Amino acid sequence: MGDVAVIGTGQSVFSRKCGVSVRELCFEAFQEAMEGLDITKDNIDASIIGSAPEYDKQRTPSGLISEYLELTPKPTFYVESVCSSSSTGLRVAWSLIKAGLHKVVAVIGFQKMSELTSREAAERMGRGGDIIWDSPLGITMPAGYAMYARAHMAKYGTTEEQLAKVRVKSAHYGISNPKAYYRKELSVEDVLGSQVITSPLKLFDCCANADGSSCIIVASEDIATRVAKIPIWIAGVGAATDTMTMAGRKSLTNLSCAVEAAKQAYGMAGLGPEDIDVAEVHDCFTISEIMAYEDLGFAEFGEGARLIDEEQTYIGGKIPVNVDGGLLSKGHPIGATGGSQIRTIVRQLRGEASEAQVKDARIGLVHNIGGIGQYGNVTILRR
Amino acid sequence: MGLENFGRVSFTAEAKAADFVTYLEQGKVMATRCRKCGTKYFPPKVDCPKCLLSDVDWIEIKGSGRLNTYTVVNYGPSGFEDDTPYTLAIVDFRDIRTFGRLSKDIKENDIQIGMRLKVVPVKLPDDRISYEFQKAD
Ligand SMILES: CC(C)(COP(=O)(O)OP(=O)(O)OC[C@H]1O[C@@H](n2cnc3c(N)ncnc32)[C@H](O)[C@@H]1OP(=O)(O)O)[C@@H](O)C(=O)NCCC(=O)NCCS
Ligand SMILES: [Zn+2]
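Residues numbered from 1 in each chain as written. Chains lettered and ligands numbered in written order. Predicted model: local features only at pLDDT ≥ 70, side-chain atom pairs only at ≥ 80, totals over all residues. Heavy atoms only, no water.

### Side note on the domain arrangement of chain A
All names here are of chain A. Where we set the bar: Domain delimitation follows an automatic or database domain assignment. Should any heavy atoms of two residues lie within 4.5 Å, those residues are considered in contact. As used here, buried area is the combined drop in accessible area, with a 1.4 Å probe, of two parts when they are placed together. The rule for a salt bridge is simple: a side-chain nitrogen of Lys or Arg has to be within 4 Å of a carboxyl oxygen of Asp or Glu. Throughout this description, a polar contact denotes any pair of N or O atoms lying within 3.5 Å of each other; where both atoms belong to protein, one of them has to be capable of donating a hydrogen while the other can accept it, and for residues adjacent in sequence the pair is counted only when both atoms sit in side chains. For this classification, Asp, Glu, Lys and Arg are treated as charged, while Ala, Val, Leu, Ile, Met, Phe, Trp, Tyr, Cys and Pro are nonpolar and the rest, including Gly, are polar.
Here the domain parsing of chain A yields domain 1 (4–116 + 210–233) and domain 2 (119–208 + 234–382). One C-alpha centre belongs to domain 1, the other to domain 2; they are set 22 Å apart. Taken together, the contact between domain 1 and domain 2 spans 45 residues of the former and 44 residues of the latter. Roughly 3700 Å² is buried in total at the junction of domain 1 and domain 2, and carbon and sulfur atoms are behind 61% of that figure. When the buried area of domain 1 at its contact with domain 2 is split by residue, F14, C83 and W233 rank highest and sum to 19% of it. At the junction of domain 1 and domain 2, the tally comes to 4 salt bridges. Between K179 and E32 there is a salt bridge, with its nearest N and O atoms 3.4 Å apart. Summed over the shared surface of domain 1 and domain 2, the result is 21 residue pairs in polar contact (both at pLDDT 80 or more). Along the lines of polarity and charge, the residues of the side of domain 1 that touches domain 2 split into 21 nonpolar, 19 polar and 5 charged.

Here it is, written out as structure tokens:
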């Protein structure tokens, strides 16, 4: 059974208001992903489309996007695990190719959030919790993560200043990412002084809603070695879940679904945290990145904040994380985010990230979480 | 009575577990326990996938629990704008973990992780009903 590779990746610019239709937005990512490949759209055997429902009115978007990209009559279908939809898509693409059913699969993630106000989007996300028991009390994504933040602070002494430092790093790298929305330096004081959204999280501790798309072209070994200059191999895929209800959570200081997904991905790849040269983690909120350090084994439980204090997750540190600015600077167009993370790692492993290249990066990791820690996905890629 | 009046905004009405609301009306916040395996469920569910049975007892969450974590929500989603600030919290009773709102009677400065709280039904405006955590005496 051959290996499976990512042969192309693309994303649109992430923006607050893209001003184009969903299909046109997806074309932008598709265009970049196909660039330089020795295949055309006709070589794509199937497409997998991912997004979170109810941000725009189009139902069953897979058929529409497939038509617009002229992938018909090839099969297409929709996968959804909210913010990690494109990682779920990649997992399915991997297995379709492993099974020998298809040789080339396109995974396209998108979200156009600007058709709603931020409060309407927050209501949709609140209904990403349990609509009988949690949504009626006013749960939101930031509120769920804020409870993790408060618990982490109480148990380990993590401080708001340490959380702020995550955003400072994000802003630092966001500046040089032409696909990111927020591209200006922020200080710890800026973050601490921003308006409280849901204590202890402030405006700059939160990612912003955005419009965007991403595309990953996945291929079997025989095709990949033929049509891509530098195929990037999928070494490990891990996926797990945690409860939808907040009361069902066993841990409130780390994301169990991420710990489990990481264990699976490391196991499949035969690698450990010490082998990772560069990582993309799901920093929807600053606390999410601190927990990711721990859940992925870059730090012991409770020690995540030390990594950011010591600047170990900057380029030149022990393990550079989110050197594209992360969700905090790029913006977080739900369904597109996972594909954007994959794109960043692929560019790093190919040595193409001139704006912020980790030297000699050969092994990279993507950590992509859906909801308030409901869906955990970890993917390990190698050159 | 279904779930249509539960919480600040409800999104569905029907559930076998809607008896929870009837108990709230009677002044009790309840969990369920599978009669066969003894698993306790909160939020309550009336089906046990372990035993493949739908045979539960309703049990009252009594006494005091410990505040595990909380957040004061200043930014409310649509439908909740007029409700802010409200405080969401996780409170651990002896063997039942619960999620809910903290009473507005507790000042933000007085909130402390580990503080003892009880859970009680509350009437909300517009004939709605919910439960909240209050200081345990
Ligand atoms: C935090 C949040 C509530 C702010 O929403 P809001 O008050 O409507 O904010 P606005 O969109 O009006 O932005 C207010 C200002 O802050 C800026 N801003 C918003 N988010 C920002 C961010 N993450 N970083 C930097 N600036 C930001 C905006 O550009 C705007 O500035 P301007 O007035 O100069 O244009 C909203 O961004 C949010 O809900 N984020 C979380 C999204 C989420 O939960 N995603 C899923 C995670 S898993
Ligand atoms: Zn049982």
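Picking up after the structure, the text goes on.
### Observations regarding the confidence of the model for chain B
Short version of the rule: A residue's pLDDT is the confidence the predictor assigns to it, expressed on a 0 to 100 scale.
Considering every residue of chain B, the mean pLDDT works out to 97; 100% of them sit at 70 or more. This prediction of the complex comes with two scores: 0.98 for pTM and 0.98 for ipTM.

### Details of the site of ligand 1
The condition that has to hold: Residue proximity to a molecule or strand is established when one non-hydrogen atom of the residue lies within 4 Å of it. Under the convention used here, a 1.4 Å probe and the Shrake-Rupley method define accessible areas, while residue burial counts only the protein chains that appear.
Ligand 1 sits among 19 residues. The nearest are R16, S118, R167, C206 and C207 of chain A. Those chains with residues close to ligand 1 are chains A and B. In the model, a nitrogen atom of ligand 1 is placed 2.9 Å from a nitrogen or oxygen of the R167 of chain A side chain. C207 of chain A is positioned with one of its backbone polar atoms (N or O) 2.9 Å from a nitrogen atom of ligand 1. Burial of ligand 1 by the protein chains amounts to 73% of its free accessible area of 940 Å². Tallied by class, residues from the shell around ligand 1 come to 14 nonpolar, 3 polar and 2 charged.

### As for the layout of surface pockets
What counts, and what does not: The method works on a 1 Å grid over the protein atoms by themselves. A cavity is a set of points holding a 1.4 Å probe that cannot get out, a pocket is an open set with protein on both sides within 12 Å along at least five of seven lines, and residues with an atom within 4 Å of a point line them. Grid points are joined across faces, edges and corners, and a volume is the space filled by probe spheres set on the points. Secondary structure counts use DSSP, requiring at least four H or I residues in a row for a helix and at least two E residues in a row for a strand, with both numbered from the N terminus.
Estimates place the volume of the largest pocket at around 560 Å³. If you trace the largest pocket, you find 28 residues lining it, with P142, C206, C207, A208 and N209 of chain A closest to the centre. Taken together, the elements giving at least two residues each to the lining of the largest pocket come down to α4 (118–126) and α5 (141–156) of chain A. Broken down by element, the residue count for the lining of the largest pocket peaks at 4 residues, all from α4 of chain A. Its residues assigned to classes, the lining of the largest pocket comprises 19 nonpolar, 7 polar and 2 charged. Its volume calculated, the second largest pocket comes out at about 460 Å³. In terms of lining residues, the second largest pocket is bounded by 20 residues, among which A247 and G248 of chain A together with K40, Y41 and F42 of chain B are the most central. Taken together, the residues of the lining of the second largest pocket sort by class into 9 nonpolar, 3 polar and 8 charged.

### Quick word on the environment of A269 of chain A
All names here are of chain A. The test is simple: Under the scheme applied here, a residue whose accessible area is under 20% of the maximum for its type counts as buried, over 50% as exposed, and between as partly exposed, the area being computed with a 1.4 Å probe on protein chains only.
Position of A269 among the secondary structure elements: in helix α9 (residues 256–269). A residue is classified by how much of its surface remains accessible, and A269, at 21% relative accessible area, is partly exposed. Ignoring any residue separated from it by four or fewer positions in sequence, one finds A269 in contact with A235, G236 and I380.

### Points about the pairing of strand β1 (residues 4–11) of chain A
On a regular strand, one side chain projects to one face of the sheet and the next to the other, so that they alternate. All names here are of chain A. Stated formally: Between any two strands, pairing holds if DSSP finds at least two bridges.
Counting buried positions over the 8 residues of β1 gives 8, a clear majority of the element. The sheet contact formed by β1 and strand β7 (residues 211–220) spans 7 bridges and is antiparallel. The partner of G8 across the bridge, within β7, is I217. The pairing of β1 with strand β8 (residues 232–241) spans 2 bridges and is classified as antiparallel. Bridge pairing in β8 links V6 to I232.

### Some details on the pairing of strand β3 (residues 76–79) of chain A
Residue and element names in this part refer to chain A. Convention followed: Consider the strands pointing away from the viewer: the crossover is right-handed when the path from the first strand over the helix to the second runs clockwise.
Where strand β2 (residues 46–50) meets β3, 4 bridges bridge the pair, whose relative direction is parallel. Each bridged residue has a counterpart across the sheet, and for S47 the counterpart in β3 is T76. What joins β2 to β3 is helix α2 (residues 61–68), and the crossover it makes is right-handed.

### Quick notes on the interface of chain A and chain B
The accessible area lost on association of the parts is a frequent measure of interface size. In this complex, chain A contributes 33 residues to the contact, which on the side of chain B involves 39 residues. When chain A packs against chain B, the two sides together hide about 3100 Å² of surface, and 68% of this comes from carbon and sulfur. Together, R119, W133 and L137 of chain A form the three largest contributors to the area buried by chain A at its contact with chain B, with a combined 27%. Summed over the shared surface of chain A and chain B, the number is 17 residue pairs in polar contact (both at pLDDT 80 or more). For the side of chain A that touches chain B, the secondary structure elements donating two or more residues are α4, α5 and β5 (196–198) of chain A. Counting residues per element, the side of chain A that touches chain B draws most heavily on α5 of chain A, which supplies 6 residues. Looking at side-chain class alone, the side of chain A that touches chain B contains 17 nonpolar, 8 polar and 8 charged residues.

### A closer look at the pattern of salt bridges
Tallied over the entire structure, the rule returns 32 salt bridges over all chains. A salt bridge links K118 of chain B to D137 of chain B; the nearest nitrogen and oxygen atoms lie 3.4 Å apart. Pair noted here: K118 of chain B is in strand β7 (residues 116–124) and D137 of chain B is in the segment after β8 (128–135), with a separation of 19 residues, a long-range link. Relative accessible area serves as the criterion here: at 23%, K118 of chain B is assigned to the partly exposed category. Among the charged side chains, a network of salt bridges with common partners joins E54, E123, R124 and R127 of chain A.

### Quick look at the side chain of Q341 of chain A
All names here are of chain A. Looking at the secondary structure, you find Q341 in helix α13 (residues 337–349). According to the relative accessible area criterion, Q341 is buried, its value standing at 0%. For Q341, the side chain forms a polar contact with the side chain of N368, separated by 3.4 Å. Ignoring anything within four residues of it in the chain, the contact list for Q341 reads E280, V281, H282, L327, K330, V366, H367 and N368.

### Considering helix α3 (residues 85–98) of chain A
All names here are of chain A. Counted only if it meets this: What a helix is expected to span follows from its residue count: subtract one and scale by 1.5 Å.
In a regular helix each residue adds 1.5 Å, so 14 residues correspond to 20 Å; α3 covers 20 Å between its end C-alpha atoms and thus fits that length. With 10 of 14 residues buried, α3 is to be regarded as a mostly interior element. Burial in α3 covers these residues: S85, S86, S87, T88, G89, L90, A93, W94, L96 and I97. Just downstream of α3, G100 is the residue with a positive phi angle, here 85°.

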